[in-house]
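Descriptive analysis of the structure
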Amino acid sequence: MEVVRLRVNGDERACGVPAHYTLLETLRYGLGLTGSKQGCDKGDCGACTVIVDGRAVLSCITPVWEAEGREVRTVEGLATATELHPVQDEFDLNGAAQCGFCTPGILCSSVALLDRNPSPTRGEIRAALAGNLCRCTGYEKIYDAVEAAAERLGDR
Amino acid sequence: MSGRGTGTVVPPARVREPGPDAQTASPNGSGRDADTTAALATIGRPMRKIDGRAKGTGRARYTDDIRLPGMLHGKILRSPHPHARIVAIDTSRAEALEGVHGVVTGRDMPTTYGIIPWTPDEYPLCVDKVRYVGDGVAAVAAVDEDTANAALSLIDVEYEELPAYLDPHEAIAADGPFIHEPRKKGWNGNITKTVELAFGDVDHGFEGSDLVVEGDYFFEGTTHTPIEPHCAIGLAEPDGRLTVWSATQVPHYLHRELARVLELDPARVRVVQPPVGGAFGGKSEPFDLEFCVARLSMMTGRPVKILYTREEVFYSHRGRHPFHMRYRTGATRDGMLTAVDSRIVMDGGAYASFGLVTTYYSGQLLTAPYHMPAYRFHSTRAYTNKPACGPKRGHGSVQPRFAFEVQLDRIAEALDIDPIDLRRRNFIGSDTRTVNDLRVTSNGFLECLDAVERASEWGRKYRRLPYGRGVGVAGSTYITGTNYPVYPNDMPQSGIQLQVDRSGRVAIFSGASEIGQGVDSMVTYIVAEELGVPLEHIRVLAGDTDFTPVDLGAYSSRVTFMLGNACIDAARRIKAMVQEAVAEAWGTKPREVLLAGGLAVMAGDTGTGMPLREAFNLAEAKFGTLGATGSYNTPRDVHGSYRGATIGASPAHSFTAHVAEVEVDPETGFVTVEKIWIAHDCGRALNPVLVEGQMEGSAYMGFAEALMEEQIFKSADQGRAGLHNAPSLLDYRIPTSLDTPALESLIIESIDPEGPYGAKEAGEGPLHPSIPAIANAIHDAVGVRMNSLPFSPPRVWRAIQAAGDGGRG
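It should be emphasised that the depicted structure is a prediction, and the values quoted were computed from it without experimental measurement.

Below, the discussion takes up the nonpolar core. For soluble globular proteins, the rule of thumb is that nonpolar side chains tend to be buried together. Residues and elements named next belong to chain B. Membership of the largest hydrophobic core comes to 147 residues, with the highest contact counts inside it found for F402, I774, I778 and F791. Every residue in contact with I774, bar those within four places of it in the chain, is listed here: A660, V662, V673, I676, F703, A706, L707 and F791. Counting residues in each nonpolar core, the second largest holds 57 residues, with L531, L595, A652 and A759 among its members.

Here it is, written out as structure tokens:
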């Protein structure tokens, strides 16, 4: 066991983990942040996607030590105390989450996209989500949700 | 026995118009709720799902998100051989490892199980034989995952290898050693089931045909790949109770099998089903991990969790069977079907799973939406030494539908009839019976054809696009639930319980399985509709066999129809009590009391009303604690009386038509599907957003099977026989956002006479036509017939080359 220090969703956290732990294992098993999901454990499905220093990252193939000293944002950190992030709200309104297991990762990829590109085209949305497999929706409603969220963010 | 279009008691279906008021203008309110369809307040509107916020914020707790104090981690040791006798297992070294608390083998659970009670052929862990690479032989529970993995490597298993069968034809031809002991002396232990049925005079039908089209087709196996791997937790408590949390679609069947196999009183066994992260049929029977966590917890006295690796998910499988199919289809020169004959060999893998049903479904579910004067099918399911196949979305009927709809396209081509028109001509009609005597009620198939024809601009495109581009059409039908449970009984197939609180809140106790399809939301919408309660005042407790009534599970597209009707039943019992109590207070008749918008109001007198909470309190004062149960069972007059007639019977059928537009690169054989138009008759869309989601997800999954997916295994000369070719999400390619075509949903509402508010299924039917529509579009594009799946670049390229002239005709 070694102690790793992380900044997660604005909180400074310290956590004892085995040296081989990934960022995903640390979030889920060390810190109890189970919103980020494990679907394949080898970087293929994207369910584990979190935002590290503004970029969407596959936490299941990121050694936790690489996240030390960086700003980690997970699905639990997207909403404020009183308000959902517009992407979260639009996912709900548009039926973009069915089983919901890929949703935390897709939300993180979407937020990372909108933070650097506030008005993406549908093609840019498709490209930004190409690392996140969804087995339920056929993706259409996910694109609709991201587009609607971009509009709402643009209106602010 | 068959009669075509015997009348139009069911009014014509309508295309759902976009807009918030579409559902209130309902001219065809002929469903069981004809009295209310004119003024539905909630049903039919786009609404949020009740669990959407929890899923969108990471608060939804799936099975692997649950951690219990003192929890151990379990792992299963799996066979490296496709077929072998177990000579000896020595677990002593594993048991001696520090941190290991329990080890079990097949001898600890020596009772066979199976989802179909007539074919129990699996042990929780193998006892005497392994039958596929990946078959479980032992399981351990240890303080953590690393220790559990280390313990597996310390278990010594001595195997005596047996010849492996990887091909179903070879398995059928063999005379032993069989994969399973024959169930009767003299039988072939490599065959699960053979079904042969004939309806009408098939030979006479072919004799009277102007055209008979014959073809051989192959449908490759595919698997479900839910993003959530299977996971289960067992907790045995000192008082003898056992709780198993599992990512299952069938908590009730799991409850029964756990009790039976572990020899426990079912009253002491509790199955809890947390939200499931995708299933598609892949979690609809008991799996080894559920028995293992239970047994290991009973042994160690501590909670035990097993989470499959992604590789284990591929090996646990139970997905689409590979089908080898031969079809003969006869028609008159004006395109009317005369006779259909099929012969099918199914590659079942190592265990029966739902295979008995699959074998029937491979023939029984083909007999609509087209009128067939005569039909015969012969289907055999073989065992092979590969992971067991089972039910995947569109169970048993997706493969025949592919072959049959390509056959129709060939008939249309030969007779120079537009393929949409050919399908219209053969429409079976509504309120009729199929050639195999299945009852069909509402049927919006013609409207589906019209909708995709119009939306895709078919008339401008079919046979008119430049070489390399084409459009194709296909149609289909699917059951809305099976008419009988998997174990025979006369009890309801769906039950629900409602409880009303003095605060105005309604609690729903539902046994159904939320697997992402939205069943928890569906019952919430119904309670809101019936009792006028705001959605946010309704709570759902679901999928817990200690506290919720039995629902058979999320399979066969049964839940909206069956649980929805049960929910209406329960809600109306409460409504009647509330109306009576309020009417008494107002000195009026109960039917004058309306419940809507959080209020009880007097009909025609908007000045008289009270908050619903007060109305509930009046009812509680009059009747005592307010609650009600509701249940649903299927009508029994929907099928014939021949042996097998009940399998494939359903209280209602959905109908679907697709048009696919493709671009084919003749130089590489690469097929790009540009768009799929999906028209689906779901009876009534209780929430159109969720219905569209099912339609698009289905079409996506069909597209994936058409072009990309192959659940295939290595042969001995490729290394090791029976080894999965590519058990990862990188190598077993499922479509990413960049692969998936544009999908356009066109909801058709035929308003079923028995469905809840007229609703039928939407979760499986819309998958079927994707594959033949794409095959037919490839033909329109480059002139070649694709009869083997998937339509991968090498296959398509070879077909174009074989056509000689590049397919230009």
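And the narrative resumes.
Residue and element names in this part refer to chain B. Here we have three strands laid out as an open sheet, ordered β23-β24-β25, and antiparallel in their pairing. Two strands close off the open sheet at either side, each with one partner strand: β23 (593-596) and β25 (605-611). Sheet twist, expressed as the average angle between the axes of neighbouring strands with direction ignored, equals 30°. Against the sheet, helix α16 (residues 612-623) engages β23, β24 (599-602) and β25, with an angle of about 70° to β25.

Turning our attention to the state of the cysteines. Overall, the coordinates contain zero disulfides over all chains when judged by the stated rule. Of the cysteine sulfurs around C134 of chain A, a residue in no disulfide, the closest is that of C102 of chain A, at 3.9 Å. For the unlinked cysteine C389 of chain B, the closest cysteine sulfur is that of C126 of chain B, found at 17 Å. When its relative accessible area of 4% is taken as the criterion, C389 of chain B is described as buried.

It is worth spelling out unusual backbone geometry at this point. All names here are of chain B. Omega for the peptide link from A368 to P369 comes to 5°, which places this bond in the cis form. Mapping P369 onto the fold places it in the loop between α9 (355-364) and β16 (375-382). Across the junction of L789 and P790, the peptide omega takes the value -10°, indicating a cis bond. Here P790 is to be found in the loop between α18 (770-782) and α19 (793-802). Even without a glycine there, the phi angle at F280 is positive, about 60°. Considering the arrangement of structural elements, one finds F280 in the loop between β12 (269-272) and α7 (288-300).

Residues and elements named next belong to chain A. Contact pair helix α3 (residues 103-116) / helix α5 (residues 140-154): the axes reach a minimum separation of 11 Å and the direction vectors enclose 40°. With respect to α5, the axis of α3 lies oblique. Crossing of α3 over α5 shows right-handed handedness. Taking contact as the criterion, the partners of I106, S110, L113 and L114 in α3 are, on α5, I142, V146, A149, A150 and L153. Looking at side-chain class alone, the contact of α3 with α5 contains eight nonpolar, one polar and no charged residues.

Here we take up the layout of surface pockets. Each pocket or cavity is described by its volume, and for the second largest pocket that value is around 690 Å³. Lining the second largest pocket are 31 residues, and of these Y21, E25 and Y29 of chain A together with H73 and E145 of chain B sit closest to its centre. Elements that contribute at least two residues to the lining of the second largest pocket include exactly β2 (11-17) and α1 (23-30) of chain A together with β2 (72-78), α3 (145-152), β13 (304-307) and α8 (310-316) of chain B.

The subject of this paragraph is α19 of chain B. Residues and elements named next belong to chain B. For α19, the full list of buried residues reads V796, A799 and I800. When α19 is viewed along its axis, its buried side chains cluster within an angular range of 100° and face the same direction. Opposite the packed face of α19, turned more than 90 degrees from it, sit the exposed residues R798 and A802. Buried residues belonging to α19 abut β27 (653-665), β28 (670-681) and α18.

This part takes up the interface of chain A and chain B. Counting from both sides, the interface comprises 44 residues of chain A and, opposite them, 52 residues of chain B. Each partner contributes to the roughly 4,000 Å² buried at the junction of chain A and chain B, and carbon and sulfur atoms together form 52% of this total. Among the residues of chain A in contact with chain B, D92, Q98 and R135 of chain A are the three that bury the most area, contributing 21% of the side total. For the interface between chain A and chain B, the tally reads eight salt bridges. Between K141 of chain A and E696 of chain B there is a salt bridge, with its nearest N and O atoms 3.7 Å apart. Across the contact surface, chain A and chain B share 32 residue pairs in polar contact (both at pLDDT 80 or more). Looking at the side of chain A that touches chain B, the elements that each hand over two or more residues are α1, α2 (86-94), α3, α4 (122-128) and α5 of chain A. Among the elements that line the side of chain A that touches chain B, the one with the most residues is α2 of chain A, at five residues. When grouped by side-chain class, the residues that make up the side of chain A that touches chain B number 20 nonpolar, 13 polar and eleven charged.

Parameters and conventions
- Within any chain, residue numbers begin from 1 and follow the written order of that chain's sequence.
- By the order in which they are written, chains take letters starting at A while ligands take numbers starting at 1.
- Per-residue local features of the predicted model are confined to residues with pLDDT of at least 70, and side-chain atom pairs are confined, for both listing and counting, to 80 or more; whole-chain, interface and lining totals are unaffected and use all residues.
- Excluding hydrogens and water, the side-chain figures rest on all heavy atoms present in the structure.
- Put simply, buried Ala, Val, Leu, Ile, Met, Phe, Trp, Tyr and Cys residues joined by side-chain atoms within 4.5 Å make one nonpolar core.
- Partly exposed residues are those whose accessible area sits between 20% and 50% of the maximum for their type, while under 20% is buried and over 50% is exposed, using a 1.4 Å probe and protein chains only.
- Contact criterion: two residues are considered in contact whenever any of their non-hydrogen atoms come within 4.5 Å of each other.
- The pairing criterion is simple: DSSP has to find at least two bridges between the two strands.
- Only DSSP runs of H or I with at least four residues qualify as helices, and only runs of E with at least two residues qualify as strands; both kinds are numbered from the N terminus onward.
- Inter-axis angles, ranging from 0 to 180 degrees, are taken between N-to-C directions of lines fitted to C-alpha atoms, where helices are fitted over the stretch in contact.
- Disulfides are defined as cysteine sulfur pairs within 2.5 Å.
- Throughout this description, any angle smaller than 35 degrees is read as roughly parallel, any larger than 145 degrees as roughly antiparallel, any in the 65 to 115 degree range as roughly perpendicular, and the remainder as oblique.
- Crossing handedness follows the turn of the near helix against the far one: under a right angle anticlockwise gives a left-handed crossing, and clockwise gives a right-handed one.
- Lys, Arg, Asp and Glu make up the charged group, whereas Ala, Val, Leu, Ile, Met, Phe, Trp, Tyr, Cys and Pro make up the nonpolar group; the residues left over, Gly among them, are polar.
- Of the two site types, the cavity is a set of points on a 1 Å grid over the protein atoms alone where a 1.4 Å probe fits but cannot get out, and the pocket is an open set with protein on both sides within 12 Å along at least five of seven lines, each lined by residues with an atom within 4 Å of a point.
- Grid points are joined across faces, edges and corners, and a volume is the space filled by probe spheres set on the points.
- Taking the helix axis as origin, the arc is that swept by the directions to the C-beta atoms.
- By buried area we mean the combined loss of accessible area, with a 1.4 Å probe, across both parts when two parts are placed together.
- Within this document, salt bridges are pairs made up of a side-chain nitrogen of Lys or Arg and a carboxyl oxygen of Asp or Glu, the two lying within 4 Å of each other.
- We call two N or O atoms a polar contact when they sit within 3.5 Å, provided that within protein one can donate a hydrogen and the other can accept it, with sequence-adjacent residues counted only if both atoms are side-chain atoms.

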